[in-house]
2 protein chains.
Amino acid sequence: MADIAKLANVSKPTVSRALSNSPLVNRATRNHVLSVANAHGYAVNRNAQKLRHKRTNTVAVSLDFHSHRQNHISDPFMFDLLAGVSEALGDRNQDLLLCAPNHNDGVAFNQILNSRGADGFIILGQGHREDMLHEFAATGAPVVVWGAADEDANYCVVGSDNYLGGQLAGRYFCDKGRRRWLFVGDTSFREFRQRREGLQNVCDEADDGIVIDDIELHSFGYDSAYDAASHYLDVIETNPDAVFSYNDTSAMAFISAFRDAGIDVPGDVSVVGYNDIPSAEYFSPPITTIRQDTHQAGRVLAAKLMRIIDGETPRSALIKTELILRES
Amino acid sequence: MADIAKLANVSKPTVSRALSNSPLVNRATRNHVLSVANAHGYAVNRNAQKLRHKRTNTVAVSLDFHSHRQNHISDPFMFDLLAGVSEALGDRNQDLLLCAPNHNDGVAFNQILNSRGADGFIILGQGHREDMLHEFAATGAPVVVWGAADEDANYCVVGSDNYLGGQLAGRYFCDKGRRRWLFVGDTSFREFRQRREGLQNVCDEADDGIVIDDIELHSFGYDSAYDAASHYLDVIETNPDAVFSYNDTSAMAFISAFRDAGIDVPGDVSVVGYNDIPSAEYFSPPITTIRQDTHQAGRVLAAKLMRIIDGETPRSALIKTELILRES
DNA sequence: GCCTCATATGAAACCGATTTCAAAATTATT
DNA sequence: AATAATTTTGAAATCGGTTTCATATGAGGC
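Reading the values: the criteria
- Residues numbered from 1 in each chain as written.
- Chains lettered and ligands numbered in written order.
- Predicted model: local features only at pLDDT ≥ 70, side-chain atom pairs only at ≥ 80, totals over all residues.
- Heavy atoms only, no water.
- Helix = DSSP H or I, 4+ residues; strand = E, 2+ residues; numbered from the N terminus.
- Rg over C-alpha atoms; globule rule 2.2 N^0.38 Å.
- Buried < 20%, exposed > 50% of the residue type's maximum accessible area, 1.4 Å probe, protein only.
- Contact = heavy atoms within 4.5 Å.
- Areas by Shrake-Rupley, 256 points an atom, 1.4 Å probe, with all protein chains shown as cover.
- Lys, Arg positive; Asp, Glu negative; His and termini not counted.
- Charge placed at Lys NZ, Arg CZ, Asp CG, Glu CD.
- Near = heavy atom within 4 Å.
- Polar contact = N/O pair within 3.5 Å; in protein donor to acceptor, adjacent residues only side chain to side chain.
- Nonpolar A, V, L, I, M, F, W, Y, C, P; charged D, E, K, R; others polar.
- Core = buried A, V, L, I, M, F, W, Y, C linked by side-chain atoms within 4.5 Å.
- Buried area = accessible area lost by both parts, 1.4 Å probe.
- Pairing = 2+ DSSP bridges.
- Axes fitted to C-alpha atoms, helices over the stretch in contact; angles between N-to-C directions.
- Parallel < 35°, antiparallel > 145°, perpendicular 65-115°, else oblique.
- Arc of directions from axis to C-beta.

## Observations concerning the overall build of chain A
Along the backbone of chain A there are 13 helices and twelve strands. Relative to a compact globule of 328 residues, whose C-alpha radius of gyration would be 20 Å, chain A shows 25 Å and is clearly more extended. Oriented by its inertia axes, the alpha-carbon framework of chain A measures out at about 85 × 40 × 35 Å. Every one of the 328 residues in chain A was classed for burial, and the buried ones make up 59%. Considering only intrachain contacts with a sequence separation of at least 6, the fraction spanning at least 24 residues in chain A is 70%. For chain A, the accessible surface area stands at approximately 13900 Å², while carbon and sulfur atoms represent 45% of it. A gap of 15 Å separates the mean positions of the 31 positive and 43 negative side-chain charges of chain A.

## Section: the protein's contact with DNA strand D
Residues in contact with DNA strand D amount to 25 residues; listed here are only the nearest, M1, S16 and R52 of chain A together with R17 and R52 of chain B. Counting only the atoms of DNA strand D within 4 Å of the protein, the fraction contributed by sugar and phosphate is 62%. Contact distances for DNA strand D include 2.8 Å between a phosphate oxygen and a backbone N or O atom of S11 of chain B. Contributions of two or more residues to the surface near DNA strand D are made by helix 2 (12-19) and helix 4 (46-53) of chain A together with helix 2 (12-19) and helix 4 (46-53) of chain B. Taken together, the residues that form the surface near DNA strand D break down as eleven nonpolar, eight polar and six charged.

## Some details on the nonpolar core
Within the largest apolar cluster, 151 residues are counted, with the highest numbers of intra-cluster contacts made by V61, L82, L124 and W146 of chain A together with V61, L124 and W146 of chain B. Apart from the residues lying within four places of it in its own chain, the contact partners of L82 of chain A are V61, L63, L98 and L124 of chain A together with F79, L82 and L98 of chain B.

## Focus on the interface of chain A and chain B
Between chain A and chain B, the contact holds 44 residues from the first and 44 residues from the second. Counting the surface lost from both chain A and chain B, the interface buries some 3800 Å², and carbon and sulfur atoms represent 60% of this. The interface formed by chain A and chain B includes six residue pairs in polar contact (both at pLDDT 80 or more). When contributions to the side of chain A that touches chain B are tallied by element, the ones reaching two or more residues are helix 4, helix 5 (76-91), strand 2 (95-99), helix 6 (106-114), helix 10 (222-235) and helix 12 (278-282) of chain A. It is helix 5 of chain A that provides the largest number of residues to the side of chain A that touches chain B, a total of eight residues. Among the residues making up the side of chain A that touches chain B, the classes are represented as 19 nonpolar, 16 polar and nine charged. With three bridges joining them, strand 2 of chain A and strand 2 (residues 95-99) of chain B adopt antiparallel strand pairing. Among the inter-strand pairings, L98 of chain A is bridged to a residue of strand 2 of chain B, identified as L96 of chain B.

## A few points about the packing of helix 2 of chain B against helix 3 (residues 27-39) of chain B
All names here are of chain B. For the pair helix 2 and helix 3, the least separation of the axes is 9 Å and the interaxial angle reads 90 degrees. On the basis of their axis angle, the class for helix 2 and helix 3 is roughly perpendicular. Between helix 2 and helix 3, the contacting residues are T14, V15, A18 and L19 on the first element and T29, R30, V33, L34 and A37 on the second. Of the residues in the contact of helix 2 with helix 3, the class split is six nonpolar, two polar and one charged.

## As for helix 7 (residues 130-138) of chain A
Residues and elements named next belong to chain A. Those residues of helix 7 lying buried are E130, M132, L133, F136 and A137. Within helix 7, the buried residues cover an arc of 160 degrees as seen down the axis, which keeps them to one side. With respect to the buried face of helix 7, the exposed residues turned more than 90 degrees away are D131, E135 and A138. Against the buried residues of helix 7 lie helix 6, strand 3 (120-124), strand 4 (143-146) and helix 9 (190-206). Positioned one or two residues after helix 7, G140 has a phi angle of 90 degrees, which is positive.

And the structure:
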């Protein structure tokens, strides 16, 4: 910057002001400085800027890779979400610091904040980290979480309307005249628990002798879902006629297992997945599922975090959640 | 840091040296300083550090979101790659700056480098940006590209052995006794062109009257592939008995289109995809495809870039590329 | 012509670390 | 005990910007 100042025959502060569009600098001077800076391909040193400003304009994004134990990071939904967040942050001129899998604990988060590596955090997938997040947020850390809203949460949560998602699946089953429902998912995750509750709600209101059975599936991935489904069919007396599973991949696994056991989908059983990943549409049969708007999610997450960084305390929010009617 | 120095009864430089494990500081003093720093949750300011060191320990990663015009970012393969890179960079204590979609041109890249936002670039998917990348690399920018090796490239490329990939598909078709092959892909992309050449090579060596037809598919995504397949079947005289498509999603689309036209897969036609995305295994029929080791890819990309940043000029490299035999 | 006020500019201090260089403290050598 | 060699330590300069504060310049009012 000192060089540019010399070249433009002005002082360092003037260059600084010109580059930041300060009204304190004369129009003509600014244009001159700008042209000199441009001609020399000058770019302000972000690190010096961050140091002085005490603001990084960087958002750290954490992906809970490890909650996808088996499948590691394979569920495309998380990545659509990441894409949405990336786009939203780009629009706001915020840099995106992607946190590596092994840095996903509270200490590491605090370290990033304390060392001024980022101004705040977007956590994609709260998983089983609610306690850690609670603690983290309690320190005053600016943080937004993609996950399930929680009355007691001391942090801002943005997520799918899981309860509604459960209701949508339930109503779909009612429409199809299904009476023996099966819920698949690990209800120790709040998100899945809320879906289960929404499903239960529709069941209760129908008051029609509908029963709901549960499979607590503690590991992710297609294979374990397939195995769970096969085993379930082995031990159960009466087959279910409807399945609501926690994501599309497992829904596909259930469909395959059912078909391999000679059960027709969607003839004998209706199946609803969650997330509407791209392949859901192309599976055979195309999967009826619950879609979330990942772009909206990204925008909302980014917007809320910006407000938190600016000292406000925005409320948690639910993202548009809709049933995508297909053939399963 | 000045505070820690005061608390530990030493000077600022001593604290700095203690924290960076410098041998210039006495063992006892270091331990004392460390314990004081720890007790107060102190973390060095990264920005000051980067400013002084003129090194950021940050790698910018660019995803070519836009080459996936229709599907935007839906191909899970790119994300597996991103995960691999993220992991590898994490192991090397490098931060990962994810570049937003709208920042994917050479000027923006240079801006990031000049402003010391990152030490180097990992470009995932060269797409049609070869010229830009060439120019970028010519400025001396440290850059590694995931894509297709090119004799003339002035930058380091890491990628699948596309030629071998094509050969593997060709040999598979030979094994199945297929004689009328169809190659699907946009050969204006070097990667796909190389695969096409590998396929041709097997065809030539078989010397068996095998013919290869081509569909130049200029847009990505399932739907356009399905449409292309249907249209192809409408206008063609003799149906192909083998299809090698540029990715798994399009392979699925071709299989669906063929089946909808009453053509049996794998009975009448063998289909080979590319990338081995998770759903390839669960599609019906499970898709025979070419797999690349995304973790290895991530590690190699990271390692090469580190060497480039250190002033070396490592050579381009090919990643393990293997045929995954399934039912299609 | 003198005073006030607004506008434009620059000198110097500062953000929070690291590095150079000189000085102090310790240890080894004779 | 005196000197040389080696460790340890700290004062000051530095990285590259931004901000404060004082000053210079020119316009407008009387």
